[in-house]
Amino acid sequence: MTLARRIIPCLDVDAGRVVKGVEFEGLRDMGDPAELAARYNREGADELVFLDISATHQGRETFLETIRRVAQHLNIPLTAGGGIRSMEQGRAVLRAGADKVTVNTAAIKRPDLISELAQQFGAQAVVLSIDVKRSGTSWEAYTRGGRDATGIDAEKWAREAVSRGAGEILLTSIDRDGTCTGFDCELTATIASAVSVPVIASGGASTFDDFFDVFEKGHADAALAASIFHQETHSIGALKDFLHRRHVPVRLSK
Amino acid sequence: MKISIIDYGAGNLPSVERALAKLGAETQLATEAAHISSAKAIVLPGVGHFSAFVNGLRERNLVEPLRKAFDEGVPILGICLGLQAMFETSEEAPGERGLGFLSGEVRALPSNVKSPHIGWNQLRQLQSGVLLEGVPVDAFFYFAHSFAAPAETAPTSAACDHGMAFAAVVERRNLFAVQFHPEKSGEAGAQVLRNFVEAVQ
């Protein structure tokens, strides 16, 4: 009897569609959010993360509508975020049917946002997302989808966020994101040992072995990926069977 | 008669409502005493902070109606914080009184494990009961909490281990409670809710 390691598909949503950024090409359409969510729910995903990557007010309204539509069909937890700056925006996402809200850039600019969300909704509903680039021997937090360096040490920031009430850390390696060279296990292990809350590793997933490594060497509590699931490179069921055979505790769907 | 879902002003009620509706149960949101006295069964869902929860109940004058319904034998299902609120006190809010349907105190999870306890975990069945009927023994349920009732303080029919053995499923006469979120726990969670709905028909 052990807490299972989680496999979490991530869906970037723009104008009501799931998209994936491709270098030099812009955004590629990956499908309908509700259809993809239903498929992942069926295949045994342990949770879903929805990120709003639209920048307009119109886009935000559409995102909330998408969350409402998707939540109808889920009987697993749903995390949503992207551009959340205030408690009211967090509340709107939770009201639309998400179980947890994730914050990133706005929390770095105003760390009180984490405390406010945690006091209102509980630590279990607040996921701090940190985008990280290696900088010499340490790791630096970036904002605005990896565009802006902050000069803030990721490990220090993770500790502070947890002391303010973040209940989970969603940790993305910018260096690995989109490279298909595997998760950054060293980064994941560093943050996982620095904080008392679960860490979700993200960025770089390609093979089944990458997932095994991030659980074994990176001590991740959960692993997140997008394109390899959207493109049906791997099914979640097959990935979990593989991990189970390698003695990683996972929830197998019957 | 309907199943009343207690609305204390926070919490993710739509997912509980939806999960019960899928099982064919008729539900209503209970925001005042009349919604409780007319109910054939009550669901007490909760997320967030212990004191926000009991204060929310108190501000809406729902504590006494709940106590009366409980004393009269109306089936009540507590979910997550709803389970914790059934105890007398919680370490999360020293000095605050819970509903006191169960004696004892809710404790913080020990510091040698990750907290919140977030994710899918399995149960250890200690005695047979209604809620876990037909649920595979190795089924996983979704948990998201930092506090829990020590298994030995409650009429625990199934425990879960995360730094300590805590009450995951509690059953005594008309009192039912689960620390996990059945509405977020896939098929296994749906079976738990189905067992409750069938038990109160």
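Computed from a predicted model, the values in this text were never measured in an experiment.

About the cut-offs
Residues numbered from 1 in each chain as written. Chains lettered and ligands numbered in written order. Predicted model: local features only at pLDDT ≥ 70, side-chain atom pairs only at ≥ 80, totals over all residues. Helix = DSSP H or I, 4+ residues; strand = E, 2+ residues; numbered from the N terminus. Rg over C-alpha atoms; globule rule 2.2 N^0.38 Å. Contact = placed C-beta atoms within 7 Å. pLDDT = per-residue confidence, 0-100. Axes fitted to C-alpha atoms, helices over the stretch in contact; angles between N-to-C directions. Left-handed = near helix turned anticlockwise from the far one by under 90°. Nonpolar A, V, L, I, M, F, W, Y, C, P; charged D, E, K, R; others polar. Pairing = 2+ DSSP bridges.

## Overview of the overall build of chain A
Looking only at helices and strands, chain A features ten helices and twelve strands. Scaling as 2.2 N^0.38, a compact globule of 254 residues should have a C-alpha radius of gyration of about 18 Å, and chain A matches this with 17 Å. C-alpha atoms of chain A, sized along the principal axes, occupy 45 × 45 × 40 Å. Within chain A, residue pairs in contact and separated by at least 24 positions form 63% of the contacts whose partners lie at least 6 positions apart.

## Notes on the confidence of the model for chain B
Mean pLDDT over chain B works out to 95, with 99% of the residues at or above the 70 mark. Confidence estimates for the predicted assembly give a pTM of 0.95 and an ipTM of 0.94.

## Considerations on the packing of helix H6 (residues 154–163) of chain A against helix H7 (residues 185–194) of chain A
Residues and elements named next belong to chain A. Where H6 meets H7, the closest approach of the two axes is 9 Å, and the angle between their N-to-C directions is 35°. The chirality of how H6 crosses H7 is right-handed. Contacts between H6 and H7 pair Ala-154, Glu-155, Ala-158 and Arg-159 from the former with Thr-190, Ile-191 and Ala-194 from the latter. Residue classes in the contact of H6 with H7 are distributed as four nonpolar, one polar and two charged.

## Quick look at the sheet that holds strand S10 (residues 147–148) of chain B
Sheet strands line up and pair through hydrogen bonds in the backbone, either parallel or antiparallel. Residue and element names in this part refer to chain B. As summarised here, the arrangement of the three strands in space is S5-S6-S10, forming an open sheet in which the pairing is mixed. Only two strands of the sheet have a single partner each, and these edge strands are strand S5 (89–90) and S10. Note that S5 and strand S6 (residues 105–108) share two bridges and pair parallel. Residue Thr-89 lies in a different strand from S6, and its bridge partner there is Glu-105.

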